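As a plain string of letters, each chain reads:
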Amino acid sequence: MDKRLDKIIRKYTRTTRRLLICPKPYRCRLISDMEKDIEQFITENNPARESDIIRYFGTPAELAQTYLDSIPQDELADYKNKRKSRITIISTVLITLFVSCIFFLFIELWKSHKINVIYVEETIEILDEGTE
C-alpha cells in the first residue's frame, strides 16, 4: 500500500472514530471491523483511491451513523447522559479552579499595593553644655 493511500485511510479512520460517540467496547469493535473492511476492500480493488473508499463505505459521518444505528438506543442514551454529566462536572471543576486562581491573584496583587505605614521612633538626647 502506498503512503498516500495509507495517509488517506488513517484520516478516514480517525475522522470516523471521532464521530463514534458510544461506549468504548462498541467503539473498539466497530473501529476494528471498519479497518478490516477497508483493508479487504483495498486488497480486492487495488489500486483504490479515496473516492473509491468514500463511494463504497460512504463519508466518515455516514459510516459512523450506520455503526451508531446498530447499537441499542437505550445503551447509547445512557452513555450520552453519563458523558454529558462527566463533561458538566469537569467543566464546573475547571471553572471553579480558574475563578479561585483569579481571586487568589487579585488578593495577592491587592496586598502588594496596599499602603504600608512604617512608624519610626526618634529620640533626641540633650547634652548639658558643661559636660563637654
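Up top is the structure.
Residues numbered from 1 in each chain as written. Predicted model: local features only at pLDDT ≥ 70, side-chain atom pairs only at ≥ 80, totals over all residues. Heavy atoms only, no water.

## Let's talk about the pattern of salt bridges
(1) Moving on: A complete count under the given rule lists four salt bridges for this structure.
(2) Moving on: Arg17 serves as the salt-bridge partner of Glu35, at 3.8 Å between the closest nitrogen and oxygen. With Glu35 in helix α2 (residues 24–44) and Arg17 in helix α1 (residues 3–19), this pair connects stretches of sequence that are 18 residues apart.
(3) Moving on: Taking the relative accessible area as the measure of exposure, Arg17 reaches 37% and is therefore partly exposed.
(4) Moving on: The shortest N-O distance in the salt bridge between Asp52 and Arg55 comes to 3.1 Å. Note that Asp52 and Arg55 are positioned in helix α3 (residues 50–57) at a spacing of three residues, about one turn of the helix.
(5) Moving on: One network of salt bridges, with partners in common, ties together Arg49, Asp52 and Arg55. (Salt bridge = Lys/Arg side-chain N within 4 Å of Asp/Glu carboxyl O. Helix = DSSP H or I, 4+ residues; strand = E, 2+ residues; numbered from the N terminus. Buried < 20%, exposed > 50% of the residue type's maximum accessible area, 1.4 Å probe, protein only.)

## Some remarks on the side chain of Thr13
(1) Moving on: Looking at the secondary structure, you find Thr13 in helix α1.
(2) Moving on: For Thr13, the residues in contact, after removing those within four places along its chain, are Ile31, Met34, Glu35 and Ile38. (Contact = heavy atoms within 4.5 Å.)

## Description of a positive patch on the surface
(1) Moving on: There is a patch of like positive charges on the surface, built from Lys7, Lys11, Arg14 and Arg18.
(2) Moving on: Within the secondary structure, Lys11 is located in helix α1. (Patch = residues over 30% accessible without salt bridge, like charges linked within 9 Å, V, L, I, M, F, W, Y side chains within 5 Å. Areas by Shrake-Rupley, 256 points an atom, 1.4 Å probe, with all protein chains shown as cover. Lys, Arg positive; Asp, Glu negative; His and termini not counted. Charge placed at Lys NZ, Arg CZ, Asp CG, Glu CD.)

## Focus: the nonpolar core
(1) Moving on: In terms of nonpolar packing, the biggest core is built from 21 residues, with Leu20, Cys22, Ile42 and Ile53 touching the most fellow members.
(2) Moving on: Mapped by element, the contributors of at least two residues to this core are α1, α2, α3 and α4 (60–69). (Core = buried A, V, L, I, M, F, W, Y, C linked by side-chain atoms within 4.5 Å.)

## A closer look at the packing of α1 against α2
(1) Moving on: Contact pair α1 / α2: the axes reach a minimum separation of 11 Å and the direction vectors enclose 155°. Taken together, the axis directions place α1 and α2 in an arrangement best described as roughly antiparallel. Between α1 and α2 lies a crossing whose hand is right-handed. Along its contact with α1, which presents Leu5, Ile9, Tyr12, Thr13, Thr16 and Arg17, the element α2 presents Arg27, Ile31, Met34, Glu35, Ile38 and Ile42.
(2) Moving on: Class assignment of the residues belonging to the contact of α1 with α2 gives a composition of seven nonpolar, two polar and three charged. (Axes fitted to C-alpha atoms, helices over the stretch in contact; angles between N-to-C directions. Parallel < 35°, antiparallel > 145°, perpendicular 65-115°, else oblique. Left-handed = near helix turned anticlockwise from the far one by under 90°. Nonpolar A, V, L, I, M, F, W, Y, C, P; charged D, E, K, R; others polar.)

## Section: the packing of aromatic side chains
(1) Moving on: With the rule as written, the count across this model stands at three aromatic pairs.
(2) Moving on: Ring geometry for Phe41 against Tyr56: centres 4.6 Å apart, planes inclined by 25°, an arrangement best described as stacked. Note that Phe41 is positioned in helix α2 and Tyr56 in helix α3, a separation of 15 residues in sequence.
(3) Moving on: Here the aromatic rings of Tyr56 and Phe57 are separated by 4.9 Å at their centres, their planes lie at 80°, and the arrangement is edge-to-face.
(4) Moving on: Looking at Tyr56, the relative accessible area reads 57%, which means it is exposed.
(5) Moving on: Under the relative-accessibility criterion, Phe57 is labelled buried at 15%.
(6) Moving on: Here a set of aromatic residues connected by ring pairs shows up, and it is made of Phe41, Tyr56 and Phe57. (Phe/Tyr/Trp six-rings, centres within 6.5 Å; stacked < 30°, edge-to-face > 60°.)

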